[in-house]
Amino acid sequence: MSLRRTAASVAAIAATVAATLMTGCGSNSTSAQKTPAEKPVVEKDNRPAMAPRQGLAKSMVLPLEKYMLSYADRGTLDQATTGLQQKCMVDYGFHVTLPKAGANPPPSTDDANMERRYGITDPDDAAKYGYEPAPKFRGHTNQSVPDLPGVQVEVLTGHTKPVTAHSQNGKGGFYITPDSVKPARASYHGKALKKGGCVGWSKRQIELDDSDALFVSQLAGKSLTASQRDRAVRKAISAWSSCMDAKGHKNLADPYQAMTQGVTDGRASKSRDGIELAVDDVACKQRTNLVRIWFGTESQIENKQIADNKAKLEAITARHGKALSAARSQQAG
């Protein structure tokens with residue numbers, strides 16, 4: 001289970017996005033590939049639920065989720081900033097159509113990832129798919145990414161296009177060459193570049209500060225780590241491990257190890273053994289009441305975090321509300 005966005009990963013994500021804007025565009029106009037007319041790029045019905053709808057984590061919402069941006073909120077902000085970025089690029093003579101936000105929603109509505117925060121929790125999905133996500137979360141709407149030359153990447157992002165190299169481990173993919181990202185040029189054709197490029201400028205227009213969401217996500221990461229040290233949770237995890245041992249799944253220290261074992265070469269195993277492991281995993285969680293104990297403990301920890309950071313969290317909520325209002329106004333206009 002991965003909690004998104006650490007301070008280092010924010011920069012890496014920005015560089016990775018820029019890295020996909022590869023060279024090869026010979027003109028100042030670039031468009032994203034169109035999807036079939038009968039299939040909208042963004043289907044609002046596919047948005048993740050605000051809380052798990054079934055399984056052992058059904059209806060569970062952690063206290064800090066109140067201060068997190070939901071997937072729908074993030075989509076509103078991303079759509080607004082994307083529109084602003086395209087307008088900004090036009091000011092420099094570049095007509096670029098960026099991919100639409102929200103085309104491929106994740107299973108969870110926010111950074112808490114309640115669907116799998118404590119490992120898999122849905123017995124029906126475990127029996128059907130093992131550790132794989134349900135089919136509705138495996139579909140992918142393809143959008144071609146604009147093929148931008150270096151100068152356009154600089155105008156868009158405020159830094160140079162990363163130099164990429166293909167992985168040497170035989171598993172495909174690419175990585176960003178260390179130290180390949182440099183600050184962008186100061187101006188283009190006599191027009192000063194925006195601080196942070198058009199991306200940074202777009203966020204300032206709606207007063208969106210990514211550090212707010214990062215702060216809440218970091219608190220949630222700390223609450224999860226702290227909960228694993230709690231005596232009641234450790235006892236429940238130990239009971240789960242003993243249950244799994246009795247079912248033939250030896251030496252699993254916690255549910256995350258089970259998930260790791262259920263994944264091979266980056267993909268969840270759909271073998272009979274993988275499904276059996278998943279089914280037993282959820283059954284042992286149910287028998288030991290692990291999910292409810294863990295959730296209750298972490299909720300107490302997060303309530304303490306909220307009390308200790310009340311003023312800052314309330315300010316974050318206000319700023320998020322203001323940014324969302326500005327984003328909706330931008331889209332309406």
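Residues numbered from 1 in each chain as written. Predicted model: local features only at pLDDT ≥ 70, side-chain atom pairs only at ≥ 80, totals over all residues. Heavy atoms only, no water.

**Some words on the pattern of salt bridges**
When the charged atoms of two side chains with opposite charge come close together, those side chains can pair. Summed over all chains, the structure comprises nine salt bridges. Between Lys322 and Glu207 there is a salt bridge; the shortest N-O distance is 3.4 Å. In this pair, Lys322 is assigned in helix α11 (residues 310-332) and Glu207 in the loop between α5 (197-205) and α6 (210-228), connecting sequence segments 115 residues apart. Using a relative accessible area of 49% as the deciding quantity, one classes Lys322 as partly exposed. For Asp308, the salt bridge is made with Lys304, and the minimal N-O distance between the two is 2.8 Å. Highlighted residues: Asp308 and Lys304, both in helix α10 (residues 290-308), separated by four residues, approximately one helical turn. (Salt bridge = Lys/Arg side-chain N within 4 Å of Asp/Glu carboxyl O. Helix = DSSP H or I, 4+ residues; strand = E, 2+ residues; numbered from the N terminus. Buried < 20%, exposed > 50% of the residue type's maximum accessible area, 1.4 Å probe, protein only.)

**Points about the packing of α6 against α10**
One can describe the packing of α6 onto α10 by two numbers: an axis separation of 9 Å at closest approach and a directional angle of 130 degrees. Regarding the angle of α6 to α10, the classification is oblique. For α6 against α10, the interelement crossing comes out right-handed. Together, Leu219, Ala220, Lys222, Ser223, Leu224, Ala226, Ser227 and Gln228 of α6 and Trp294, Thr297, Glu298, Ile301, Glu302 and Gln305 of α10 make up the contact between the two elements. Grouping the constituent residues of the contact of α6 with α10 by class yields six nonpolar, five polar and three charged. (Axes fitted to C-alpha atoms, helices over the stretch in contact; angles between N-to-C directions. Parallel < 35°, antiparallel > 145°, perpendicular 65-115°, else oblique. Left-handed = near helix turned anticlockwise from the far one by under 90°. Contact = heavy atoms within 4.5 Å. Nonpolar A, V, L, I, M, F, W, Y, C, P; charged D, E, K, R; others polar.)

**Details of the environment of Asp179**
Looking at the element boundaries, Asp179 is found in the loop between β4 (174-176) and β5 (187-188). Exposure remark for Asp179: the relative accessible area of 65% places this residue in the exposed category. Put simply, Asp179 and Pro162 are 17 residues apart on the chain and 8.6 Å apart in space, counted from C-alpha to C-alpha.

**Describing the packing of aromatic side chains**
Tallied over the full model, the rule gives three aromatic pairs. Where Tyr256 meets Trp294, the ring centres are 5.9 Å apart and the plane angle is 55 degrees; that geometry is what we call tilted. One end of the pair, Tyr256, is in helix α8 (residues 255-261); the other, Trp294, is in helix α10, with 38 residues separating them in the sequence. Each member of the pair, Tyr256 together with Trp294, is buried. (Phe/Tyr/Trp six-rings, centres within 6.5 Å; stacked < 30°, edge-to-face > 60°.)

**Quick notes on unusual backbone geometry**
A positive phi angle, near 50 degrees, is found at Asn113, a position not held by glycine. Residue position: Asn113 is located in the loop between β2 (95-96) and α3 (123-129). Relative accessible area serves as the criterion here: at 18%, Asn113 is assigned to the buried category. Backbone geometry places His189, a non-glycine residue, at a positive phi of 50 degrees. Topologically, His189 is positioned in the loop between β5 and β6 (191-192).

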